[in-house]
Amino acid sequence: MSFKLIKPEELQVNPFNDIGNRWMLLSAGDESSFNFMTVSWGMLGVIWSKPAVQAYVRDSRFTKEFMDKHDSFSLSVLKPGYEKALQIAGSKSGRDIDKVKETGLTPVFQGEVLMFEEAEYTIISKKVYTDFMPAGNFIDKDIIEKAYPGGDFHTLYIGHITEVYLYQ
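What comes next is a walk through the structure. (Residues numbered from 1 in each chain as written. Predicted model: local features only at pLDDT ≥ 70, side-chain atom pairs only at ≥ 80, totals over all residues. Heavy atoms only, no water.)

1. With respect to the environment of Ile6
Our working rule: What counts as a helix is a DSSP run of H or I of at least four residues, what counts as a strand is a run of E of at least two, and both are numbered from the N terminus. Residue contacts follow a heavy-atom distance rule, with two residues in contact if any of their heavy atoms lie within 4.5 Å.
With respect to the secondary-structure elements, Ile6 resides in strand β1 (residues 3-6). As for Ile6 and Glu163, which are separated by 157 residues in sequence, their C-alpha atoms are 7.2 Å apart. In this structure Ile6 touches Leu11, Val164 and Leu166, once residues within four positions along its chain are discounted.

The structure is reproduced here in structure tokens:
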């Protein structure tokens, strides 16, 4: 497996497709303990004059514990053909199963950040901001009915992009 480090500005992707349709794997932790989950909500852009990502994690997700504990996280887009692995990563909890074994994915660590051999690309970010998204802050209350019928709201994480890897 080889990967190429590029500048964030060199990443040529369609975030609407990669986040909303292909899904990304959000990963946090270190080699001794980590977890990952699929995300189909998020943003790529620029904030505070730096390339950045926004990730949203529900309080009920096991991955949130790792997001809160660690300074950095990754977002990976898998190569085509790993839809079953994404389905497992998004529907099963790392509290209950060994996600690496069940998905068949191959973890690779870049420093203390998890990536996957099966990825097309991975974005590594350092957390710079986090905030819980309470019901009272929603202007469009229909979103609460549609996205949060059980009241399991998200926490927003903003990370400045520190590295981007393309897999070859």
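2. Looking at a nonpolar patch on the surface
As a reminder, the rule being used: To count toward a patch, a residue needs a relative accessible area above 30% and no salt bridge. Like charges then connect within 9 Å, nonpolar side chains (Val, Leu, Ile, Met, Phe, Trp, Tyr) within 5 Å. Note that accessible areas follow from Shrake-Rupley with a 1.4 Å probe, and for residues the cover is restricted to the protein chains shown. Should a side-chain nitrogen of Lys or Arg be within 4 Å of a carboxyl oxygen of Asp or Glu, the pair is scored as a salt bridge.
There is a patch of nonpolar side chains on the surface, built from Trp48, Val128 and Tyr129 and spanning about 300 Å² of accessible area. Structurally, Val128 can be placed in strand β9 (residues 119-132).

3. Quick look at the pattern of salt bridges
Note on pairing: side chains with opposite charge can pair once their charged atoms come close. Put simply, the rule is: Classification of residues uses two cut-offs on accessible area relative to the type maximum, computed with a 1.4 Å probe and protein chains only: under 20% is buried, over 50% is exposed, and between them is partly exposed.
Summed over all chains, the structure comprises 5 salt bridges. Between Lys64 and Asp59 there is a salt bridge, with the nearest N and O atoms lying 3.8 Å from each other. The exposure class of Lys64 is buried, given its relative accessible area of 13%. Notably, a salt bridge pairs Arg95 with Glu65, separated by 3.5 Å at the nearest N-O pair. Of this pair, Arg95 sits in the loop between α3 (83-91) and α4 (99-103) while Glu65 is found in helix α2 (residues 62-69), placing the two residues 30 residues apart along the sequence. For Arg95, a relative accessible area of 44% gives the class partly exposed.

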